There are 2 protein chains.
Amino acid sequence: MKVGFIGFGEVASTLSGGLLDNGATVLTCLQGRGVPTKNKALEMGVTICNSPRELAETSEILISAVTPSNAVEVAREMGKYSKGIYVDINNVSPDTVIESLGMVKNKKTVDAAIIGSVKRNGYNVQIIACGDSATDFAVLNDYGLNIKIMGNEVGNCSTIKMLRSSYTKGVSALLWETFLAAYKMGIDEEVLEIIGQTEGPQFGKSANSRLLSSFNHSKRRYEEMGEVKKILSYSVDPLMADAIEQMFETIHEKKTKFNKNKNSQLDFKSYKDLFKSLNNIK
Amino acid sequence: MKVGFIGFGEVASTLSGGLLDNGATVLTCLQGRGVPTKNKALEMGVTICNSPRELAETSEILISAVTPSNAVEVAREMGKYSKGIYVDINNVSPDTVIESLGMVKNKKTVDAAIIGSVKRNGYNVQIIACGDSATDFAVLNDYGLNIKIMGNEVGNCSTIKMLRSSYTKGVSALLWETFLAAYKMGIDEEVLEIIGQTEGPQFGKSANSRLLSSFNHSKRRYEEMGEVKKILSYSVDPLMADAIEQMFETIHEKKTKFNKNKNSQLDFKSYKDLFKSLNNIK
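Residues numbered from 1 in each chain as written. Chains lettered and ligands numbered in written order. Predicted model: local features only at pLDDT ≥ 70, side-chain atom pairs only at ≥ 80, totals over all residues. Heavy atoms only, no water.

**Q** What exactly am I supposed to notice about the overall build of chain A here?
**A** Broken down by element type, chain A carries 13 helices and eight strands. Reported as C-alpha extents along the three principal axes, the dimensions of chain A are approximately 65 × 45 × 35 Å. Each of the 282 residues in chain A was classed as buried or not, and the buried ones make up 54%. Here the analysis covers contacts within chain A between residues at least 6 apart in sequence; of these, 60% occur between residues at least 24 apart. Carbon and sulfur atoms make up 46% of the accessible area of chain A, which totals about 12400 Å². Across chain A, the mean location of the 34 positive side-chain charges is 5 Å away from that of the 32 negative side-chain charges. (Helix = DSSP H or I, 4+ residues; strand = E, 2+ residues; numbered from the N terminus. Buried < 20%, exposed > 50% of the residue type's maximum accessible area, 1.4 Å probe, protein only. Contact = heavy atoms within 4.5 Å. Areas by Shrake-Rupley, 256 points an atom, 1.4 Å probe, with all protein chains shown as cover. Lys, Arg positive; Asp, Glu negative; His and termini not counted. Charge placed at Lys NZ, Arg CZ, Asp CG, Glu CD.)

**Q** What exactly am I supposed to notice about the pairing of strand β4 (residues 61–64) of chain A here?
**A** Looking down a regular strand, the side chains alternate between one sheet face and the other. Residues and elements named next belong to chain A. Side chains of β4 alternate between two faces, with Ile61 and Ile63 and Leu62 and Ser64 buried alike. Across four bridges, the pairing between strand β1 (residues 2–6) and β4 is parallel. When the sheet's bridge partners are listed, Gly4 is paired in β4 with Leu62. Across four bridges, the pairing between β4 and strand β5 (residues 85–88) is parallel. Among the inter-strand pairings, Ile61 is bridged to a residue of β5, identified as Ile85. The β-α-β motif built from β4, the intervening helix α4 (residues 71–78) and the parallel element β5 has right-handed crossover chirality. (Pairing = 2+ DSSP bridges. Right-handed = clockwise from strand over helix to strand, strands pointing away.)

**Q** Just checking my understanding: could you explain the pattern of salt bridges for this structure?
**A** Between side chains of opposite charge, a pair can form when the charged atoms approach closely. By the definition in use, this model includes 26 salt bridges over all chains. The partner of Glu193(B) in a salt bridge is Lys148(A), and the shortest N-O contact between them spans 2.9 Å. Of this pair, Glu193(B) sits in helix α9 (residues 188–199) while Lys148(A) sits in strand β8 (residues 146–149), each in a different chain. Each member of the salt-bridge network shares a partner with another, and the members are Lys169(A), Arg220(A) and Glu224(A). (Salt bridge = Lys/Arg side-chain N within 4 Å of Asp/Glu carboxyl O.)

**Q** How should the sheet that holds strand β1 (residues 2–6) of chain B be read in this particular structure?
**A** In a beta sheet, neighbouring strands are held together by backbone hydrogen bonds and run either parallel or antiparallel to one another. All names here are of chain B. Strand order across the open sheet formed by eight strands is β3-β2-β1-β4-β5-β6-β7-β8, with mixed pairing between neighbours. Pairing within the sheet leaves two strands with one partner each, and these edge strands are β3 (47–49) and β8 (146–149). Each neighbouring strand pair of the sheet contributes to a mean axis angle of 30°, computed without reference to strand direction. Relative to β1, helix α1 (residues 10–21) is tilted by about 170°, and along the sheet it contacts β1, β2 (25–29), β6 (109–115) and β7 (126–130). Where helix α8 (residues 156–185) meets the sheet, its contacts fall on β6 and β7, and the angle it forms with β6 comes to roughly 15°. (Axes fitted to C-alpha atoms, helices over the stretch in contact; angles between N-to-C directions.)

Shown next, in the form of structure tokens:
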């Protein structure tokens, strides 16, 4: 089994680890790549192709894992040479994945999305896949990956991922509003305990990590909410998504002020330290 | 141990069941009560006082469990006679509980709040308690109740309950927006499955029940969010609470239209049936 990666960032290198461990051949092309990426690919035992065209023509399954804004351009360039299955696994909107896969000449395409964190889950991270060739892509489950087929319609996986992300970002925004108020009133521990009684024993830990990552990734979340709102507004009035977007914008403004004051970002261990520091800035 | 209840609705009768089972004497006054309430109290073996004053003077612990809008009036009337501990367990705002307990002459007061559902949990339902006399109230744990002390400050329990309620209502509003959109796109089951993978195995069941109860209790939730917003706005800009309030207002408008069309409310078993029916009305 020959699996090619367009781009060799964190997603590609993590999945490659699993594929190589389980006997697949992994290919990529390193033209225009930085030294650390080249070294990593060579150390892992990835086969290096001489040109993007060679990569596209040799791979039985070709996976596009690039910077989201390059997804369409890369598909335009590589899609005309792809002989096997072309998989777009990039974190892009449904419209973008439809546009990118529309460029693939042989029409053997898969819309795929990574659910959860590659960093935390490694190559066992959940991948969902839609499109006519999703079944052919899912043979990579025999090579260590964790792919779940979600139907034939290209665009659905991106939408599923976005709706999931809208929900989880909403929970984080809710936690922010609830616990910032509770912290200011001096009853955050009590509120945490009481909500935990109905939401389950992992609530406290998960709330803490969601509050910290809301602060650390406020900019990206704010930007992603714009995309989510667009998707939601095709079918509903996105009242919540609108508030979530504003919430992350507000958090990001605080973060910017905070960074200006401190010149460097502290590595907070608990939401209490975070809220305390935010309270201290003007 | 003599425990008196002002009001004898669902909360009072459920807690009385536990207290009586565990050897306490339960008292109430049935002046102006309806026949079903009277019969229930008599059947359970509750001791009937001849006047509110007798109830207040005889009870070692006097619990106000009335219609929220009557909490202050009842405290004004009974607080002057209360010789033991006066507990306000009504679902009222911090301002209201502070006002009501301020009427109690002997100052032996407790701000208490019920967390979760009396219907589901019976007399074992979680009760939280604040105020100088909270420890004295908590002796009722020896008589079957489940009271947790949350500090001395009257008003805190109401606030904790409100912040919890703001969070859980927010989750419901988020579920509504996310799953109504997913349902309209025909990918609700997929989104449910994928969110469940990170949110835990009970996610599907809990989401379904939250969606149905959001519809069934839309009016009450909309009204309660107004109170919650007020409390939050003392310390934060309530962006999320504002959206949640609008969301329940929207759901309630749909419900009103729906009831007009159908002349009766259907007992939906799943969110799918609910969304299907809502889609069919103009």
